[in-house]
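This is what each chain is made of:
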Amino acid sequence: MTNDSLFALILSLPIGIVSGLYSSLIVTKYARFSELRREALRIVRSISYIGDDMQMTVQEPANLSSLALIASDLYGLGHRSAGDTVNSLYDAILGANRAVMSGAIDPRTYMSQHDDWQRQAREVDPDKRIYLPWGWP
């Protein structure tokens, strides 16, 4: 081995280690965010409702309150806008379910809101700062 190739090897080794650690950190951050987003969507999709044009019954999933915990986890990971979205979803779902029980909302409106909740849960985006090395809170 020549001196130049030995020098190149010594220089490339720490650069390779640092870039590998950085990319694994990014993948870990994004995987955790994706897991929380999928769980929120799963909870929204598990809301079941039965009814006709006049009357409706909504069966809340047992883990609906987990949406607040998911929002808290998103805040803890530094995804403020995603946490705000999940929190507002939770509030909207609880409010709509109460409105159904009191008869203040018609079934068609509830069904369109349910579709909108699923869309919102699917479209939750991570904060872009997770791609920065100092982007972890």
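Refer to the structure printed above.
What counts and what doesn't
- Residues numbered from 1 in each chain as written.
- Predicted model: local features only at pLDDT ≥ 70, side-chain atom pairs only at ≥ 80, totals over all residues.
- Heavy atoms only, no water.
- Phe/Tyr/Trp six-rings, centres within 6.5 Å; stacked < 30°, edge-to-face > 60°.
- Buried < 20%, exposed > 50% of the residue type's maximum accessible area, 1.4 Å probe, protein only.
- Salt bridge = Lys/Arg side-chain N within 4 Å of Asp/Glu carboxyl O.
- Helix = DSSP H or I, 4+ residues; strand = E, 2+ residues; numbered from the N terminus.
- Core = buried A, V, L, I, M, F, W, Y, C linked by side-chain atoms within 4.5 Å.
- Contact = heavy atoms within 4.5 Å.
- Arc of directions from axis to C-beta.

Topic: the packing of aromatic side chains
The full count for this structure, using the stated rule, is three aromatic pairs. Between the aromatic rings of Y110 and W117, the centroid separation amounts to 5.4 Å while the plane-to-plane angle is 85 degrees, which identifies the pairing as edge-to-face. With relative accessibility at 4%, the residue W117 sits in the buried group. Ring-pair connections join several aromatic residues into one group, and the members of that group are Y49, Y110 and W117.

Re the pattern of salt bridges
One pass over the structure, following the stated rule, counts five salt bridges. Here R42 and E39 are joined by a salt bridge, their closest N and O atoms 2.6 Å apart. Pair noted here: R42 and E39 are both in helix 1 (residues 3–45), with a separation of three residues, about one helical turn. The closest approach of N and O atoms between E123 and R119, which form a salt bridge, is 2.9 Å. On the basis of relative accessible area, E123 is assigned to the partly exposed category, the value being 47%.

Points about the nonpolar core
In this structure, L64, L67, I70, L74, I93, Y110 and W117 are the most contacted members of the largest nonpolar core, which totals 28 residues. At the level of secondary structure, the elements contributing two or more residues to this core comprise helix 1, helix 2 (66–76), helix 3 (80–102) and helix 4 (107–122). Sort the elements by how many residues they give to this core and helix 3 lands first, with nine residues. Ignoring any residue separated from it by four or fewer positions in sequence, one finds L64 in contact with I43, Y90, I93, L94 and N97.

Considerations on helix 2
Because an α-helix completes one turn every 3.6 residues, residues spaced three or four positions apart along the sequence face the same direction. Among the residues of helix 2, L67, I70, A71 and L74 are the ones counted as buried. On an axial view of helix 2, the arc spanned by its buried residues comes to 100 degrees, and they lie on one face. Two residues or fewer after helix 2 comes G78, characterised by a positive phi angle close to 95 degrees.

None of this, on its own, says anything about what the molecule does.
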